Amino acid sequence: MSKKTFPLSKDELEEIIKKYPTPFHIYDEHAIRENIRKLQKAFAWAPRFREQFAVKALPNPRILQVLHEEGAGTDNSSLAELVLSEVSGYKGSEILLTSNDTPADEFQKAIELGAIINLDDISHLDYLEKNAGLPEIICFRYNPGDLIEGNDIIGKPTEAKYGLTRDQLFEAYKMAKEKGVKRFGLHTMVASNERRTEAFVFTAKLMFELAVELKNRLGIHVEFVNIGGGIGIPYRPEEEPVDLEAVGEGIHKLYDEMMVPEGLGDVAMMTESGRAITGPAGWLVSTAIHEKKTYKDYIGLDSCMANLMRPAMYGAYHHITIAGKENEPCDHVYDVTGSLCENNDKFAIDRKLPKIDIGDRVIIHDTGAHGSAMGFNYNGKLWCAELLLHEDGSVELIRRAETLDDYFATLKYPGSVIK
């Protein structure tokens, strides 16, 4: 089981709230560093292992700086993410752009930065060449189809819009080689919030088979194999975390059996986790502002699904605790809701919790990935602040709360009714 804890006492939290009102996301720097170190230790055997942190999980430059200090690169999926990587100190091949119906300006920025470009479709090769030129190193994203079953979040690979089929993959590498590209990598991403060790080992097996075949058929010696991310976390207290050591050992065994005898023992390994690095190290802190009793008992918070979309979007479970009431019996049943004008704006449904009083601080766990990152402005709701809890106990504001002036800024233009 994974014990759900919050790194601050109620009194410490109240001191922070005096300066930074709820709601806010707060991240634990120590936990983030420990999480990436555990992953790096699991792959310490691999040549030049690098975690390409998925910027989409937590697109904040201070978080990216912390991860860069730990030796991470970044995986990017937009122009904004590329700029975030740039300003956070990442350079050249530390930056990976994974294309996804990518417009020309994103390819152009990636070329400018000297980033590795990971193409999502065979047709993107000509588009990239025409609009940005060819980079020094290219890789293609493999979609294994029905060889892998997928899951509820990422879907079945055969239904996914991502990646190339096996036949397309070999044709794409052949085309790139004929166009003069001399350096290559290999990529896939087929899981999301996956906690089965064997799923990652099987993915590595598929990729090693491809790497060997690329060498034998096309004479392409890939420089790296990126097995993607998707390492899950235990959102529920009764769930177990992924055994990263077992994942690393399983892949190491395959690498020695499949890659080394084929002269591919120098091929680097990459992952592109996001959730596993920052997910458990973040919490959404809110205040209970309303209690409603109709057909059910409701607790209304000062946050809403604009601050955390996953429960409404996926029916995802996020553990909830009440500051100062962690050891009280969970003898009340609530729907925990936000103020958005949508009935699915619920953080929890029929959740057993201690008695919640107005003014209680409600802590929603595991929001460090795909929490603030998936924020939006429907109903004119505003993005909340983000805080970083340092290892010395100090707290840094790393995103200020959005204001009404921010919200209305793009509605102010010559001739606008808003002045």
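Residues numbered from 1 in each chain as written. Predicted model: local features only at pLDDT ≥ 70, side-chain atom pairs only at ≥ 80, totals over all residues. Heavy atoms only, no water.

- The name an unreviewed UniProt entry gives the protein is Diaminopimelate decarboxylase, with Mitsuokella multacida DSM 20544 as the organism.
- Here is the UniProt Cofactor (unreviewed entry) comment for the protein, exactly as written: "pyridoxal 5'-phosphate". (UniProt positions renumbered as here; feature names shortened; annotations may be inferred.)

### A word on the nonpolar core
Across soluble globular proteins, you tend to see nonpolar side chains buried next to one another.
So, step 1. Ranked by internal contacts, the top residues of the largest apolar core, which has 84 residues, are Phe 140, Tyr 173, Phe 208 and Val 225.
So, step 2. Counting residues per element, this core draws most heavily on helix H8 (residues 197-218), at 10 residues.
So, step 3. Counting only domains with at least three residues in this core, you end up with domain 1 (29-279) and domain 2 (280-411).
So, step 4. Not counting residues up to four positions away in its chain, the partners in contact with Tyr 173 are Cys 139, Phe 140, Phe 184, Gly 185, Leu 186, Leu 214, Leu 218 and Ile 220. (Core = buried A, V, L, I, M, F, W, Y, C linked by side-chain atoms within 4.5 Å. Buried < 20%, exposed > 50% of the residue type's maximum accessible area, 1.4 Å probe, protein only. Helix = DSSP H or I, 4+ residues; strand = E, 2+ residues; numbered from the N terminus. Domains from an automatic or database assignment. Contact = heavy atoms within 4.5 Å.)

### Structural notes on the pairing of strand S7 (residues 183-188)
So, step 1. Across the six residues of S7, five count as buried, placing the element largely inside the fold.
So, step 2. Bridge count between strand S6 (residues 137-142) and S7: six bridges; the pairing is parallel. Bridging from a neighbouring strand, Tyr 142 pairs with Thr 188 of S7.
So, step 3. Pairing geometry for S7 and strand S8 (residues 224-226), over three bridges, is parallel. Each bridged residue has a counterpart across the sheet, and for Leu 186 the counterpart in S8 is Val 225.
So, step 4. Once the chain exits S7 it traverses H8 before rejoining the sheet at S8, and the crossover so formed is right-handed. (Pairing = 2+ DSSP bridges. Right-handed = clockwise from strand over helix to strand, strands pointing away.)

### A few points about the side chain of Glu 70
So, step 1. Among the secondary structure elements, Glu 70 is positioned in the loop between helix H3 (61-69) and strand S3 (73-76).
So, step 2. Looking at Glu 70, the relative accessible area reads 13%, which means it is buried.
So, step 3. Here Arg 33 takes part through its side chain, which lies 2.8 Å from a polar atom of the side chain of Glu 70.
So, step 4. Those residues in contact with Glu 70, other than ones at most four positions away along the chain, are Arg 33, Ile 36, Arg 37 and Gln 40. (Polar contact = N/O pair within 3.5 Å; in protein donor to acceptor, adjacent residues only side chain to side chain.)

### Things to note about the pairing of S3
So, step 1. Going residue by residue along S3, you find Gly 73 and Asp 75 tucked away on one face and Thr 74 and Asn 76 tucked away on the opposite face as well.
So, step 2. The sheet contact formed by strand S2 (residues 50-54) and S3 spans three bridges and is parallel. Bridge assignment links Phe 53 to a residue of S3, and that residue is Thr 74.
So, step 3. In this fold, the crossover linking S2 to S3 by way of H3 has right-handed handedness.
So, step 4. Where S3 and strand S4 (residues 95-98) come together, three bridges link them in parallel fashion. Within S4, the position partnered with Asp 75 by the bridge is Leu 96.

### Side note on the confidence of the model for the protein
So, step 1. In the predicted model, the protein carries a mean pLDDT of 94, and 96% of its residues have values of at least 70.
So, step 2. Note that residues 151-155 has pLDDT below 50 and, in this model, 11 contacts with residues that lie over four places away or in other chains. (pLDDT = per-residue confidence, 0-100.)

### Digging into unusual backbone geometry
So, step 1. Cis geometry is adopted by the peptide bond preceding Pro 23, which originates at Thr 22 and carries an omega value of 0°.
So, step 2. Its location among the elements puts Pro 23 in the loop between helix H1 (10-19) and strand S1 (24-28).
So, step 3. For Asp 101, which is not a glycine, the phi torsion comes out positive at approximately 50°.
So, step 4. Here Asp 101 is to be found in the loop between S4 and helix H5 (104-113).
So, step 5. A residue is classified by how much of its surface remains accessible, and Asp 101, at 62% relative accessible area, is exposed.
So, step 6. In the Ramachandran plot, Asp 350 falls in the positive-phi region, its phi being about 50° despite a non-glycine side chain.
So, step 7. Here Asp 350 lies in strand S14 (residues 346-353).

### Some remarks on the environment of His 30
So, step 1. In this structure, His 30 sits in helix H2 (residues 29-42).
So, step 2. The exposure class assigned to His 30 is partly exposed, which follows from its relative accessible area of 38%.
So, step 3. Sequence separation between His 30 and Asp 121 is 91 residues; the distance between their C-alpha atoms is 39 Å.
So, step 4. A distance of 2.9 Å separates the side chain of His 30 from the side chain of Glu 391, its partner in a polar contact.

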